[in-house]
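Residue-level structural notes
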Amino acid sequence: MTRDIFPCIITLLELYVESERTGEMVYDSKSDLGRLFDERYLSEEIYFPQTSEFQDLLELCDTAEEELRAQLSVGAADLFDAYKDYSEKITEQKCRECWIQGMAQGVRMTAESFLTSDR
């Protein structure tokens, strides 16, 4: 699945180089990389550590959530669900922004190395 991202990165590199050479804004890291992130070229599983320690932590979290939910009233359970949803959305936005900034830096550094080799 990660091989699907390589053509997109090549396209972004080409757009960046064209923007630098012509002085016109052809490449917009926020929108181009944001679209790439949103289209989920990379599976979420790639970001998760594949260690037994991480898997154990996920299981402990699920167990704690089940125990907490069993002790909550209906109203409190609804409030907990809302909090959990908002927390997940915040985390997703943070991950998206970090991914975009990291990819933008990688694209820029790679493109600039090609540009400086042309000189």
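Note that the structure is predicted; figures quoted are calculated from it, not measured. (Residues numbered from 1 in each chain as written. Predicted model: local features only at pLDDT ≥ 70, side-chain atom pairs only at ≥ 80, totals over all residues. Heavy atoms only, no water.)

Turning to the overall build of the protein, a few remarks are in order. Summing up its helical and strand segments, the protein has 4 helices and 0 strands in all. In the protein, the order of α-helices and β-strands from amino to carboxyl end is α-α-α-α. Expressed as a percentage of contacts within the protein between residues at least 6 apart in sequence, the contacts between residues at least 24 apart total 69%. On the protein, roughly 9000 Å² of surface is accessible, and the fraction owed to carbon and sulfur atoms is 56%. (Helix = DSSP H or I, 4+ residues; strand = E, 2+ residues; numbered from the N terminus. Contact = heavy atoms within 4.5 Å. Areas by Shrake-Rupley, 256 points an atom, 1.4 Å probe, with all protein chains shown as cover.)

Moving on, we get to the nonpolar core. Judged by nonpolar contacts, L12, L13, L33, W99, I100, M103, A104, V107 and A111 together constitute the single largest core of 9 residues. Of all the secondary-structure elements, those providing two or more residues to this core are α1 (5-22) and α4 (74-118). If you tally residues by element for this core, the top one is α4, at 6 residues. (Core = buried A, V, L, I, M, F, W, Y, C linked by side-chain atoms within 4.5 Å. Buried < 20%, exposed > 50% of the residue type's maximum accessible area, 1.4 Å probe, protein only.)

Below, the discussion takes up the pattern of salt bridges. Per the counting criterion, the structure on display carries 3 salt bridges. Between K84 and E65 there is a salt bridge whose closest N-O contact spans 2.6 Å. Of this pair, K84 sits in helix α4 while E65 sits in helix α3 (residues 52-71), and the two are 19 residues apart along the sequence. A residue is classified by how much of its surface remains accessible, and K84, at 26% relative accessible area, is partly exposed. Taking relative accessible area as the criterion, E65 reaches 17% and is therefore assigned buried. Its salt-bridge partner being D81, residue R69 comes within 2.7 Å of it at the nearest N-O pair. Here R69, found in helix α3, pairs with D81, found in helix α4; they are 12 residues apart in sequence, far enough to count as distant. A single salt-bridge network, built from bridges that share partners, covers E65, R69, D81 and K84. (Salt bridge = Lys/Arg side-chain N within 4 Å of Asp/Glu carboxyl O.)

Turning our eyes to something else, we now look at the environment of E112. On the secondary structure map, E112 appears in helix α4. For E112, a relative accessible area of 31% corresponds to the partly exposed category. Distance in space between the C-alpha atoms of E112 and L13 is 9.3 Å, their sequence separation being 99 residues.

Time to look at a negative patch on the surface. Together, E53, D56, E59, D62, E66 and E67 make up a negatively charged patch on the protein surface. With respect to the helices and strands, E66 occurs in helix α3. (Patch = residues over 30% accessible without salt bridge, like charges linked within 9 Å, V, L, I, M, F, W, Y side chains within 5 Å. Lys, Arg positive; Asp, Glu negative; His and termini not counted. Charge placed at Lys NZ, Arg CZ, Asp CG, Glu CD.)

This brings us to the state of the cysteines. Taken as a whole and assessed by the stated rule, the structure comprises 0 disulfides. The thiol sulfur of C98 is not disulfide-bonded, and the nearest other cysteine sulfur, from C95, lies at 6.7 Å. (Disulfide = S-S within 2.5 Å.)

A few words on the confidence of the model for the protein. The share of residues in the protein with pLDDT of 70 or more is 65%, and the mean pLDDT across the chain is 76. Taken element by element, the protein is modelled with least confidence in helix α2 (residues 29-38), mean pLDDT 67, and with most confidence in α3, mean pLDDT 92. (pLDDT = per-residue confidence, 0-100.)

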